[in-house]
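Spelled out, the chains give:
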Amino acid sequence: MQTDSSFTFVLFGGTGDLSMRKILPALYEAHRAGGMLADNGKIVAVARHVADRAAYIDWVNEHVKPHVSKNGVDETAWASFLDRIEFVKIDLGNPEDFTLLRDALSGRPGIRVFYLATGPSLFVPICRALASVGLNENSRIVLEKPLGYDLKSSNAINDAVGEIFAEEQIYRIDHYLGKEPVQNLLALRFGNVLFEPLWRREWVESIQITIAEELGVEARGDFYDNTGALRDMVQNHLLQLLSIVAMEPPHSMDSDSVRDEKLRVLRALKPIDPRDIGKVAVRGQYHAGVIRGSAVPAYATEPGVKPDSTTETFVAVKVEIENWRWAGVPFFLRTGKRLADRVAEIVVNFRAVPHSALGASALRGGANRLVIRLQPNETIRLYCLAKQPGEGMNLASVHLDLAFDRFFREGQMEAYQRLLLDVINGRLALFVRRDEQEAAWRWVEPILNEWAAANKPPKPYAAGTWGPAAASAMLAQHGTCWLEEEN
Ligand code: BG6
């Protein structure tokens, strides 16, 4: 893919964790691949605590380089990548400093991208300061999650940013939407006739979506303790995945067709009655345990976390969608830190055959199931029943296996690389529109409120397990169980 879209990519929070681990490595990969970034495209890093460009380049060499390319660094490409980087020292607390940025950007060709890899409390001040020096024209602004803390604060940010930038200029990142397998889910659903007729209440019994992590809160204890798993993962990543799994076929892949269909799903989520929250939502917090043979500490003893914290590090929740396609089909969402495995997957459990001429084993669970694994290794498995060899008609569960790396050895792109290229090239489909974000907040809000009002500690679970037993009990009530340890 050749591009001639000139750009200047301005990175606020240029020395932050996200810039170090994700944004700069993704830009390097795009640069190294060749032809993806216009030759004259520049990256302008903005930071306060760095003296000048030379010091910033030292920082990039020291901190970013270890995070690039699993296959090692191409030193020639790295050197030419550094040539793209410029630096402007700005104190974000001092709006007058933005004239320095305006001067640094003046007369440059192409689009300006402002990437706000900062805390959400800085979004509005930065946008206002950009507008005060006329930098909101011919620009795109990228907002990282979390965008707000609840519906009210997210609306406040969106209102204020919306006074400065039009909605088509605003790119709200949810990096799950940039993952290759999530794109593949669209291809699977809408590129084949095979699945679509079965993709509805008549044939689907339940759907599970899990994003499980082995990692704890790492160096983000402070942020996480004020956030919790519901805000960090469910309001955004899990509800976005759910909307892609459940949406109607869009009439095209243009940005608003896809986002309109996702919005319809989010608006059709059955509101949770506060009195039912104990039955349909489980919150947990990890205690000390063992992960892959190593002891790990309890959440409450992590740096930055309050010792008496009641923040949840695990959520399981039952969701229902009130429309013709999905009425009565439970969607079980689950996420947690310090779980037994790192896995993100979608499990579609189809109904058993209505009558089995083949005997009771044909009615067994475990078959009639589609498992779409998003990470760590992307696979799609269709579980069916087959006859065991030999005498008699004994059935066993077998699977058809589609391992993507067997078919496509090259061209895989990290989520951030795809999304940053989309911003530079003006493609909005994989970014969250304001109305989607509002609908998602509206749905999670009763859970947040009820948990805050009840002020009960989350259910404990040992690190290295699959979370509190109550999450399994919730599924048992529906005659099902979480799919676990499926490799
Ligand atoms: C982020 C959350 O959005 O997603 C983190 O803030 C989480 O807490 C991360 O660890 C998970 O992303 P991935 O791509 O590693 O599954």
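A brief look at the structure comes next. The model shown is predicted, which means the values in this text are computed figures rather than measured ones. (Residues numbered from 1 in each chain as written. Predicted model: local features only at pLDDT ≥ 70, side-chain atom pairs only at ≥ 80, totals over all residues. Heavy atoms only, no water.)

Things to note about the packing of helix H1 (residues 17–33) against helix H2 (residues 53–64)
Note the following rule: The axes are straight lines fitted to the C-alpha atoms, using for helices just the contacting stretch, and the angles between their N-to-C directions are given from 0 to 180°. Only DSSP runs of H or I covering at least 4 residues are called helices, and only runs of E covering at least 2 are called strands; the numbering of each starts at the N terminus. Convention used here: angles under 35 degrees read as roughly parallel, angles over 145 as roughly antiparallel, angles from 65 to 115 as roughly perpendicular, and any remaining angle as oblique. Residues count as neighbours in contact if any of their non-hydrogen atoms are within 4.5 Å of one another. The residue classification treats Ala, Val, Leu, Ile, Met, Phe, Trp, Tyr, Cys and Pro as nonpolar and Asp, Glu, Lys and Arg as charged. All others, Gly included, are polar.
Two numbers describe how H1 lies on H2: the axes approach to 10 Å, and their chain directions differ by 105°. Here H1 is positioned roughly perpendicular relative to H2, judged by the angle of their axes. Between H1, through Met 20, Leu 24 and Pro 25, and H2, the contact on the second element is made entirely by Tyr 56, Trp 59, Val 60, His 63 and Val 64. The class makeup of the residues in the contact of H1 with H2 is seven nonpolar, one polar and no charged.

What to know about the pairing of strand E4 (residues 111–116)
Applicable threshold: Think of it in three bands: with a 1.4 Å probe and only protein chains considered, a residue is buried below 20% of the maximum accessible area for its type, exposed above 50%, and partly exposed in between. Strand pairing requires that DSSP identify at least two bridges connecting the strands. A right-handed crossover is one whose linking path, passing over the helix from the first strand to the second, runs clockwise when the strands point away from the viewer.
Summarising burial for E4: six of the six residues are buried, a large majority. Burial along E4 is two-sided: Ile 111, Val 113 and Tyr 115 and Arg 112, Phe 114 and Leu 116, pointing in opposite directions, are all buried. Across five bridges, E4 lies against strand E5 (residues 139–143) in parallel orientation. Each residue of the ladder has a partner; that of Val 113, found in E5, is Arg 140. Of the crossover connections in this fold, the one passing from E4 over helix H5 (residues 123–132) to the parallel E5 is right-handed.

A few points about the packing of aromatic side chains
Two aromatic rings, taken as a pair, are described by how far apart their centres are and by the angle between their planes. Applied cut-off: Between rings of Phe, Tyr and Trp, where Trp is taken as its six-membered ring, a pair exists when centres lie within 6.5 Å; planes separated by under 30 degrees are stacked, by over 60 edge-to-face, and by other angles tilted. For a lysine, the NZ atom is tested; for an arginine, the CZ atom; a charge sits over a ring if that atom is within 6 Å of the ring centre and within 35 degrees of the ring normal.
Going through the model one piece at a time under the given rule, you end up with 17 aromatic pairs. Plain terms: the ring middles of Tyr 286 and Tyr 299 are 5.7 Å apart, the flat faces sit at 75° to each other, and that makes the pair edge-to-face. In this pair, Tyr 286 sits in strand E8 (residues 281–287) while Tyr 299 sits in the loop between strand E10 (294–296) and strand E11 (314–319), placing the two residues 13 residues apart along the sequence. Pair check on accessibility: Tyr 286 and Tyr 299 agree, each one buried. An aromatic cluster is defined as three or more aromatic residues linked by ring pairs; in this entry it consists of Tyr 224, Tyr 286, Tyr 299, Phe 314 and Tyr 461. For Lys 179, the ring lying beneath its charged end belongs to Tyr 176, and the centroid distance is 4.4 Å. When the ring centre of Tyr 149 is taken as reference, the NZ or CZ atom of Arg 231 above it lies at 3.6 Å.

Things to note about the nonpolar core
Applicable threshold: What we call a nonpolar core is a set of buried Ala, Val, Leu, Ile, Met, Phe, Trp, Tyr and Cys residues that are connected through their side-chain atoms within 4.5 Å.
Counting 127 residues, the largest nonpolar core has Phe 9, Leu 24, Tyr 56, Tyr 115, Leu 242 and Phe 331 as the members making the most contacts within it. Per element, the largest residue contribution to this core is eleven residues, and it comes from helix H9 (residues 228–246). Residues Val 44, Leu 116, Val 124 and Cys 127 belong to the second largest nonpolar core, which totals 28 residues.

What about helix H14 (residues 434–454)?
The criterion, for reference: An expected span of 1.5 Å times one less than the residue number is assigned to each helix. Fitting axes to the seven residues ending at a residue and to the seven starting there, one defines the bend at that residue as the angle between these axes.
The end-to-end C-alpha distance of H14 is 30 Å, a good match for the 30 Å that 21 residues give at a rise of 1.5 Å each. Remark: the principal bend of H14, roughly 35°, maps to Val 444, with a proline, Pro 446, within the next four residues. Looking one or two residues beyond H14, the residue adopting positive phi is Asn 455, at roughly 50°.

Here we look at the pattern of salt bridges
Spelled out, the test is: The salt bridge definition used is simple: a Lys or Arg side-chain nitrogen within 4 Å of an Asp or Glu carboxyl oxygen.
Evaluation of the coordinates by the stated rule reveals 34 salt bridges. A salt bridge links Glu 436 to Lys 262, with the shortest nitrogen-to-oxygen separation between them at 2.9 Å. Of this pair, Glu 436 sits in helix H14 while Lys 262 sits in helix H10 (residues 255–267), and the two are 174 residues apart along the sequence. A single burial state applies to Glu 436 and to Lys 262, both of which are buried. The partner of Arg 433 in a salt bridge is Asp 435, and the shortest N-O contact between them spans 2.9 Å. Each of the salt bridges in this network shares a partner with another, and the network as a whole consists of Asp 256, Arg 259, Asp 260, Arg 433 and Asp 435.

Digging into the sheet that holds strand E1 (residues 7–12)
Taken together, the six strands give an open sheet; going across it, the order is E3-E2-E1-E4-E5-E6, and neighbouring strands pair in parallel fashion. Either end of the sheet is taken by a strand with one partner, and the two such strands are strand E3 (85–89) and strand E6 (170–172). Adjacent strand axes in the sheet meet at a mean angle of 20° when their direction is disregarded. Note that E1 and E4 share six bridges and pair parallel. Residue pairing in the sheet places Phe 12 in a bridge with Leu 116 of E4.

Here's the deal with the packing of H9 against H14
Note the following rule: Note on convention: near helix rotated counterclockwise from far helix by under a right angle means a left-handed crossing. Clockwise means right-handed.
Packing of H9 against H14 brings their axes to within 10 Å, and their N-to-C directions diverge by 140°. With respect to H14, the element H9 is oriented oblique. Taken as a pair, H9 and H14 cross one another with a handedness that is right-handed. Contacts between H9 and H14 involve Leu 230, Arg 231, Gln 235, Leu 239 and Gln 240 from the first element and Glu 436, Gln 437, Ala 440, Trp 441, Trp 443, Val 444, Ile 447, Leu 448 and Trp 451 from the second. By residue class, the composition of the contact of H9 with H14 is nine nonpolar, three polar and two charged.

Here's the deal with the site of the ligand
Spelled out, the test is: Working definition: residue near molecule or strand if any one of its non-hydrogen atoms lies within 4 Å of it. In protein, a polar contact means a hydrogen-donor-capable atom and an acceptor-capable atom, both N or O and within 3.5 Å, with residues adjacent in sequence counting only if both atoms are side-chain atoms; elsewhere, any N or O pair within 3.5 Å suffices. The accessible surface values rely on the Shrake-Rupley method and a 1.4 Å probe; as for residues, cover is taken only from the protein chains in view.
By nearness alone, every residue bordering the ligand is listed as Lys 145, His 175, Tyr 176, Lys 179, Glu 213, Arg 220, Asp 232, Met 233, His 237, Lys 337, Arg 342 and Gln 375. Between Lys 337 and the ligand, the recorded distance is 2.8 Å, taken from a side-chain N or O atom to an oxygen atom. For the ligand, whose free accessible area comes to 400 Å², the fraction covered by protein is 81%. If you tally residues by element for the shell around the ligand, the top one is H9, at three residues. The class makeup of the residues in the shell around the ligand is two nonpolar, three polar and seven charged.

Brief notes about unusual backbone geometry
Going from Lys 145 to Pro 146, the amide bond is cis rather than trans, its omega being 0°. Locating Pro 146 in the fold gives a position in the loop between E5 and helix H6 (151–162). At the junction of Gln 375 and Pro 376, the peptide bond is cis and its omega measures out at 10° in the coordinates. By secondary structure assignment, the location of Pro 376 is in the loop between strand E14 (369–375) and strand E15 (379–387). Backbone geometry at Asn 138 places phi at a positive 50°, although glycine is not the residue there. Checked against the element boundaries, Asn 138 lands in the loop between H5 and E5. The backbone phi angle of Arg 338 is positive, close to 55°, even though this residue is not glycine. When you line up the elements, Arg 338 lands in the loop between strand E12 (331–336) and strand E13 (343–350). Residue Arg 338 is classed as buried on the basis of its relative accessible area, which comes to 13%.

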